[in-house]
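# A closer look at the structure
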Amino acid sequence: MIEFSNFITVAPLGGKTTFDFIVDEFASYAPTTSDDAAGLCWNCDRTWIIDLPSSDVLSYFSIYRSAIITIRSQSKDYQIGSDNMPAKVMITPNLQKAQLIMTCKSLKHPLL
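Below is a summary of the structure that appears in this document. (Residues numbered from 1 in each chain as written. Predicted model: local features only at pLDDT ≥ 70, side-chain atom pairs only at ≥ 80, totals over all residues. Heavy atoms only, no water.)

What follows concerns the side chain of Thr-70. Mapped onto the elements of the fold, Thr-70 is located in strand β6 (residues 65-73). With relative accessibility at 12%, the residue Thr-70 sits in the buried group. Not counting chain neighbours up to four residues away, the residues in contact with Thr-70 comprise Phe-7, Ile-8, Thr-9, Asp-77, Tyr-78 and Gln-79. (Helix = DSSP H or I, 4+ residues; strand = E, 2+ residues; numbered from the N terminus. Buried < 20%, exposed > 50% of the residue type's maximum accessible area, 1.4 Å probe, protein only. Contact = heavy atoms within 4.5 Å.)

Here it is, written out as structure tokens:
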């Protein structure tokens, strides 16, 4: 079993800046298979609870942005999304926390 840290990096495509977020609790992450028009894909959708970011970051991610997500374990970094099939990321604020919503389909398992 892979033990992940609670840091997530979001690198928007075409952007020069990356965004680092701290996840409240990283219990597990298990992509599932799905069969759609593109054939057999891995469904990598996930929602994480994060600390409330600044208003500039909330404004930037108020709509879905194409990005590559990096999650870390003790031994390796795992990327979700690619230049060809990026993840879509949006942040919805709540009172003291926010939800980082990621939707992504991948042709290969992101943790292998």
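Once you've had a look at it, read on.
Attention now moves to the pattern of salt bridges. According to the stated counting rule, one finds two salt bridges in the structure shown. The partner of Lys-97 in a salt bridge is Asp-24, with the nearest N and O atoms 3.1 Å apart. Taken together, the residues Lys-97 in strand β9 (residues 97-103) and Asp-24 in the loop between β2 (19-22) and β3 (32-36) connect sequence positions 73 residues apart. Lys-97 is the partner of Asp-51 in a salt bridge, and the nearest nitrogen-oxygen pair spans 2.8 Å. Of the two residues, Asp-51 sits in strand β5 (residues 46-51) while Lys-97 sits in strand β9, which places them 46 residues apart along the sequence. On the accessibility criterion, Lys-97 (29% relative accessible area) is partly exposed. (Salt bridge = Lys/Arg side-chain N within 4 Å of Asp/Glu carboxyl O.)

Looking now at the nonpolar core. Nonpolar side chains in soluble globular proteins tend to be buried together. Val-10, Phe-21, Phe-61, Ile-69, Ile-91 and Leu-100 are the most contacted members of the largest nonpolar core, which has 23 residues in total. Of all elements in the fold, only β1 (4-12), β2, β5, α1 (55-60), β6, β7 (77-80), β8 (87-93) and β9 reach the threshold of two or more residues within this core. Sequence-distant contacts of Phe-61, that is, excluding residues within four places in its chain, are made with Val-10, Pro-12, Phe-19, Phe-21, Val-89, Met-90 and Ile-91. (Core = buried A, V, L, I, M, F, W, Y, C linked by side-chain atoms within 4.5 Å.)

Another aspect to go through is the layout of surface pockets. Here the largest pocket is characterised by a volume of approximately 200 Å³. As for the largest pocket, its lining consists of 11 residues, of which Gln-79, Gly-81, Ser-82, Ser-106 and Lys-108 are closest to the centre. In the lining of the largest pocket, the residues fall into five nonpolar, four polar and two charged. (1 Å grid on protein atoms, 1.4 Å probe; cavity = no way out; pocket = protein on both sides within 12 Å on 5 of 7 lines; lining within 4 Å. Points joined across faces, edges and corners; volume = space filled by probe spheres on them. Nonpolar A, V, L, I, M, F, W, Y, C, P; charged D, E, K, R; others polar.)

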